Amino acid sequence: MDTEITELLQKIKDAKRTPFWQSTPEQARSGPMLMDLLFGPAPDVARVEDFSIASSNGHALPVRLYVPREQPRGLIVYFHGGGWVVGSVASYHPLTATLAARTGCAVLSVDYRLAPEHPFPLPLDDAIAALRWSAEEAETRLGGPVARLIAMGDSAGGNLATVAARLHNRTDTARPVDLQILAYPVTGHDFDTGSYQAFAEGHLLTRRDMMWFWDQYLPDPAQRDNPLASPLHAPDLSHSPPALILSAGCDPLRDEGEAYGQRLLASGVDAQVLRCDGLVHGFLAMIHYAPSASRAFDRILAAVDLATA
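What you see is a predicted model, and the numbers here were worked out from it, not measured in a lab. (Residues numbered from 1 in each chain as written. Predicted model: local features only at pLDDT ≥ 70, side-chain atom pairs only at ≥ 80, totals over all residues. Heavy atoms only, no water.)

Caption draft 1: Region of interest: the side chain of Ser-134. Topologically, Ser-134 is positioned in helix H5 (residues 122–136). A relative accessible area of 1% means that Ser-134 is categorised as buried. A distance of 2.8 Å separates the side chain of Ser-134 from the backbone oxygen of Ala-130, its partner in a polar contact. With sequence-adjacent residues up to four places away left out, Ser-134 is seen in contact with Leu-75, Val-77, Leu-108, Val-146 and Leu-149. (Helix = DSSP H or I, 4+ residues; strand = E, 2+ residues; numbered from the N terminus. Buried < 20%, exposed > 50% of the residue type's maximum accessible area, 1.4 Å probe, protein only. Polar contact = N/O pair within 3.5 Å; in protein donor to acceptor, adjacent residues only side chain to side chain. Contact = heavy atoms within 4.5 Å.)

Caption draft 2: Representation of the sheet that holds strand S3 (residues 75–79). The 8 strands lie next to each other as S1-S2-S4-S3-S5-S6-S7-S8, forming an open sheet whose pairing is mixed. Edge strands, defined here as strands with exactly one partner in the open sheet, are strand S1 (47–54) and strand S8 (271–280). Recorded for the sheet is a direction-independent mean angle of 20 degrees between the axes of neighbouring strands. One ladder, built from 7 bridges, connects strand S7 (residues 243–250) with S8; its direction is parallel. Bridge pairing in S8 links Leu-244 to Gln-272. This element, helix H4 (residues 93–103), spans strand S2 (60–67), S3, strand S4 (106–110) and strand S5 (149–154) of the sheet and lies at about 40 degrees to S2. Against the sheet, helix H11 (residues 291–308) makes contact with S3, S5, strand S6 (179–183), S7 and S8, and its axis sits at roughly 160 degrees relative to S8, the strand it touches most. (Pairing = 2+ DSSP bridges. Axes fitted to C-alpha atoms, helices over the stretch in contact; angles between N-to-C directions.)

Caption draft 3: Geometry of unusual backbone geometry. The peptide bond linking Ala-115 to Pro-116 adopts the cis configuration, its omega dihedral lying at 0 degrees. Geometrically, the link from Phe-120 to Pro-121 is a cis peptide bond, its omega value of 10 degrees lying close to zero. By secondary structure assignment, the location of Pro-121 is in the loop between S4 and H5. In this model, Ser-155 sits at a positive phi of 55 degrees, which is unusual for a non-glycine residue. Topologically, Ser-155 is positioned in the loop between S5 and helix H7 (156–170). With relative accessibility at 5%, the residue Ser-155 sits in the buried group. In this structure, Leu-204 is a non-glycine residue whose phi angle is positive, near 75 degrees. Here Leu-204 lies in the loop between helix H8 (194–198) and helix H9 (207–217).

Caption draft 4: Main features of the pattern of salt bridges. Under the counting rule described, the total for this entry stands at 13 salt bridges. Across the pair Asp-50 and Arg-64 runs a salt bridge, and its minimum N-O distance is 2.7 Å. Separated by 14 residues along the polypeptide, Asp-50 in strand S1 and Arg-64 in strand S2 bring together distant segments of the chain. Here the residues in one salt-bridge network are Arg-47, Glu-49 and Arg-141, joined through shared partners. (Salt bridge = Lys/Arg side-chain N within 4 Å of Asp/Glu carboxyl O.)

Caption draft 5: Seen up close, the nonpolar core. Counting 108 residues, the largest nonpolar core has Phe-283, Leu-284 and Met-286 as its most contacted members. Look past the residues within four positions of Met-286 in its chain and what remains in contact with it is Ile-5, Leu-8, Leu-34, Leu-38, Leu-204, Val-280, His-281 and Ala-293. (Core = buried A, V, L, I, M, F, W, Y, C linked by side-chain atoms within 4.5 Å.)

Caption draft 6: Main features of the state of the cysteines. Tallied over the full model, the rule gives 0 disulfides. With no disulfide partner, Cys-250 has as its closest neighbouring cysteine sulfur the one in Cys-276, 11 Å distant. On the basis of relative accessibility, which here comes to 7%, the residue Cys-276 falls in the buried class. (Disulfide = S-S within 2.5 Å.)

Caption draft 7: Looking closely at the pairing of S7. Buried residues dominate S7, accounting for 8 of its 8 residues. As paired elements, S6 and S7 share 4 bridges and run parallel to each other. Paired with Ala-183 across the bridge in S7 is Leu-246. In terms of handedness, the path from S7 via helix H10 (residues 254–266) over to S8 forms a crossover that is right-handed. (Right-handed = clockwise from strand over helix to strand, strands pointing away.)

In structure tokens:
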């Protein structure tokens, strides 16, 4: 583990902040996210546009489009993390702007509805709507065809990205998702895996935090095997796009993310599963803070470069 991460974990322990599982959703949203604290300023891109697209129940879904200085090599549709409860396009602005600047792709960042006010499946509805818009209408706003379409998300956003991408590619669409990139994704609800036991406390995300997040997103435990909520339980993953899955070595979610990668491979999906040793949940916020996080981000950039070559 990088010295910087070890020191960060100690600072968080010393701060004795109220954990998510002891908070209300409003309290959980009131504090700064790691992205606010660690990432640094956003780079400049050619243009940034805020607008909305149509989603379920007449919802106007806010999105933010980043357009790089050169003609976009593709479009990355990004779903932020935060346990389906916290996080926003605004809080992820430095990361999504960096993705556009460093990949040469346009990036559509999605402000999906949050639980518990909008529980499952409404956040997923928004993810599906974002991919549909990207496939059918993005070229008009970008001024050219979408050469490659990539779904990307971290944590709960990774959950939404992979489920929405599979559903999208299962439909009769002329513009499928070409690649999914999932950073430390939520793929199930088994709180007794080896990584949940090893990293239940003291590594940013805790076991009780994740139990609380699930309680907000899908309160009835009996419904959590639904493959639209827990993709690890999907009987058929064969419509999923090729995948890069990055797990964090010191993360309660490590084992379920890696198990999901193995399920994709068993379903005939081209999937690469990369364990980032020494890293903790949320490491995308640390790419300018910890060397190992920067190296993990380089693997994402390489995957995008290969997909858009």
